[in-house]
Amino acid sequence: MMRRGVTAAPCESCVRDGSSPERRPPTVAARLAASSTRRQNPAVTLPRPVSGAAHLARFFLAEPPRDGRARLEPDEEHHARAVLRLEPGERFFGLDGQGGAWLCALRSSKKGALEVEVVAEQGRDPRSGGPGSPWPHLELACSLPRGQRCEELGARAVPLGLSRLTPLLCTHSPPHARGFAHPRFERLARAACKQCERTWLPELAPAASPAEWLAQREPAALLLLSPQAGRALAPRAAELRRAGQTRLALIVGPEAGFDAAEEAALLAAGADAVALAPSILRIEHAAEAALAVTLHAWWSA
């Protein structure tokens, strides 16, 4: 994607509604995008691209930098060395997954750990839903689909604003739901974060039954997706934004639905039943559409 001058990160600008910069100051992600802009504006001094890419690569750090040095996570180091084949002097952004970002340069790529020098700290984005953040905190409490469908959900949910995922183990959940592979999902979430230029990794919570999730969840507005609901999701999400609510939990059941006791417990806990469509959607379609609709409504309110 072509960038002109200093712009916000694509994952944020795609849902902006034209509000003034005073209301939403540039985030670290926006400043990273500005630092890695193509040579469209002669007034901008740009570092050398990595492997011919249009922008600098992003890697997650094993720990916060110390004394001007940083270390990549093992998988990230392998990617930098074997896939991108970074050479000494090339620059990239180091992320800690908690909103922090640093402009880094490779000092040495000899055998052993890569030697990484910190060139400049880029700042720190606030946590989603917190003061100063342009993102709401969106939790997805969801009965997960099988195999590749689950992996694709993870890759697509992150750019749509996912802050926390809790796999739900429901009465009608299929047997595979108990075998959720956290490591695989985490790798996909990291790749998605780098692609969409977010600086916070989503939190992956342990699988829980709806009753367990209700007992341990953090305070948030509960939105229960149901095709039988008499109210649409988008206007309810916009109302919550206008009311100052910055934490929302989207609840998606299995394709066979919640049983009567589970649904009653969710409604008794204060969940609003809302609809995306009058039809039955596949789990991943419902989850992704709910995130997109909620994020757009929240930004447009």
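Keep in mind that what you see is a predicted model, and the values were worked out from it rather than measured. (Residues numbered from 1 in each chain as written. Predicted model: local features only at pLDDT ≥ 70, side-chain atom pairs only at ≥ 80, totals over all residues. Heavy atoms only, no water.)

## Observations regarding the sheet that holds strand S4 (residues 100-108)
Logical step 1: Pairing is mixed across the open sheet formed by 5 strands, whose spatial order is S1-S3-S4-S5-S2. The sheet is open, and its two borders are formed by strand S1 (58-60) and strand S2 (69-70), each paired with just one other strand.
Logical step 2: Examined bridge by bridge, S4 and strand S5 (residues 115-124) share 8 bridges and lie antiparallel to one another. When the sheet's bridge partners are listed, leucine 103 is paired in S5 with alanine 120. (Pairing = 2+ DSSP bridges. Helix = DSSP H or I, 4+ residues; strand = E, 2+ residues; numbered from the N terminus.)

## Comments concerning the packing of helix H4 (residues 147-157) against helix H5 (residues 182-196)
Logical step 1: Running from N to C, H4 and H5 point in directions that differ by 35 degrees, and their axes come no closer than 8 Å. H4 and H5 meet at a crossing whose hand is right-handed. Here Cys150, Glu151, Gly154 and Ala155 of H4 lie close against H5, whose contacting residues are Arg184, Phe185, Leu188 and Ala192.
Logical step 2: Looking at the contact of H4 with H5 residue by residue, the class counts come to 5 nonpolar, 1 polar and 2 charged. (Axes fitted to C-alpha atoms, helices over the stretch in contact; angles between N-to-C directions. Left-handed = near helix turned anticlockwise from the far one by under 90°. Contact = heavy atoms within 4.5 Å. Nonpolar A, V, L, I, M, F, W, Y, C, P; charged D, E, K, R; others polar.)

## Topic: the sheet that holds strand S10 (residues 247-252)
Logical step 1: The sheet built from 6 strands is open, its strands ordered S8-S7-S6-S10-S9-S11 with parallel pairing. Here the strands that pair on one side only, and so sit at the sheet edges, are strand S8 (203-204) and strand S11 (272-274).
Logical step 2: Sheet topology places strand S9 (residues 221-225) next to S11; 3 bridges connect them, and they run parallel. The partner of leucine 223 across the bridge, within S11, is aspartate 272.
Logical step 3: Running at roughly 180 degrees to S9, helix H7 (residues 233-242) makes contact with S9, S10 and S11 of the sheet.

## As for the pairing of strand S7 (residues 162-167)
Logical step 1: Taken across its 6 residues, S7 has 6 buried, putting it largely inside the fold.
Logical step 2: The sheet contact formed by strand S6 (residues 137-142) and S7 spans 5 bridges and is parallel. When the sheet's bridge partners are listed, leucine 140 is paired in S7 with leucine 165.
Logical step 3: Following the chain from S6 across H4 to the adjacent parallel S7, one finds a crossover that is right-handed.
Logical step 4: Looking at chain direction, S7 and S8 are connected through 2 bridges and run parallel. By the bridge assignment for S8, leucine 165 is matched with leucine 204. (Buried < 20%, exposed > 50% of the residue type's maximum accessible area, 1.4 Å probe, protein only. Right-handed = clockwise from strand over helix to strand, strands pointing away.)

## A word on the environment of alanine 192
Logical step 1: With respect to the helices and strands, the residue alanine 192 is situated in helix H5.
Logical step 2: The sequence separation of alanine 192 and glycine 154 amounts to 38 residues, and the corresponding C-alpha distance is 8.3 Å.

## Looking at helix H3 (residues 74-83)
Logical step 1: If you check which residues of H3 are buried, you get Glu76, Glu77 and Ala80. Summarising the axial view, the buried residues of H3 lie within an arc of 100 degrees, below the 170-degree limit, and thus occupy one face. Turned more than 90 degrees away from the buried face of H3, the exposed residues are Pro74, Asp75 and His78.
Logical step 2: Considering only its buried residues, H3 is in contact with S1 and H5.
Logical step 3: Looking at the residues trailing H3, positive phi occurs at arginine 85, about 55 degrees. (Arc of directions from axis to C-beta.)

## Observations regarding the state of the cysteines
Logical step 1: Applying the stated criterion across every chain, the model contains 0 disulfides.
Logical step 2: Considering cysteine sulfurs only, cysteine 196 is the nearest to cysteine 193, which forms no disulfide, with 5.5 Å between them.
Logical step 3: When its relative accessible area of 0% is taken as the criterion, cysteine 193 is described as buried.
Logical step 4: By relative accessible area, cysteine 196 is classed as buried at 5%. (Disulfide = S-S within 2.5 Å.)

## Overview of the pattern of salt bridges
Logical step 1: Tallied over the full model, the rule gives 17 salt bridges.
Logical step 2: The shortest N-O distance in the salt bridge between aspartate 96 and arginine 124 comes to 2.9 Å. Of this pair, aspartate 96 sits in the loop between strand S3 (91-95) and S4 while arginine 124 sits in strand S5, and the two are 28 residues apart along the sequence.
Logical step 3: Among the ionic pairs, glutamate 284 bridges to arginine 149, the shortest N-O distance being 2.8 Å. Taken together, the residues glutamate 284 in helix H9 (residues 283-300) and arginine 149 in helix H4 connect sequence positions 135 residues apart.
Logical step 4: The class for glutamate 284 is buried, based on a relative accessible area of 5%.
Logical step 5: Linked by salt bridges that have partners in common, Arg231, Arg236, Glu239 and Asp272 make up one network. (Salt bridge = Lys/Arg side-chain N within 4 Å of Asp/Glu carboxyl O.)

## A word on the nonpolar core
Logical step 1: Leu140, Cys142, Leu165, Leu223, Leu250 and Val252 are the most contacted members of the largest nonpolar core, which totals 29 residues.
Logical step 2: At 8 residues, the largest contribution of residues to this core is made by H9.
Logical step 3: Beyond its immediate stretch of four places on either side in the chain, valine 252 contacts Leu140, Ala141, Cys142, Ser143, Leu168, Leu225, Phe258, Ile283, Ala286 and Ala287.
Logical step 4: Among the nonpolar cores identified, the runner-up in size contains 14 residues, and Ala57, Ala70, Ala80 and Phe92 belong to it. (Core = buried A, V, L, I, M, F, W, Y, C linked by side-chain atoms within 4.5 Å.)

By themselves, these figures tell us nothing about what the structure is for.
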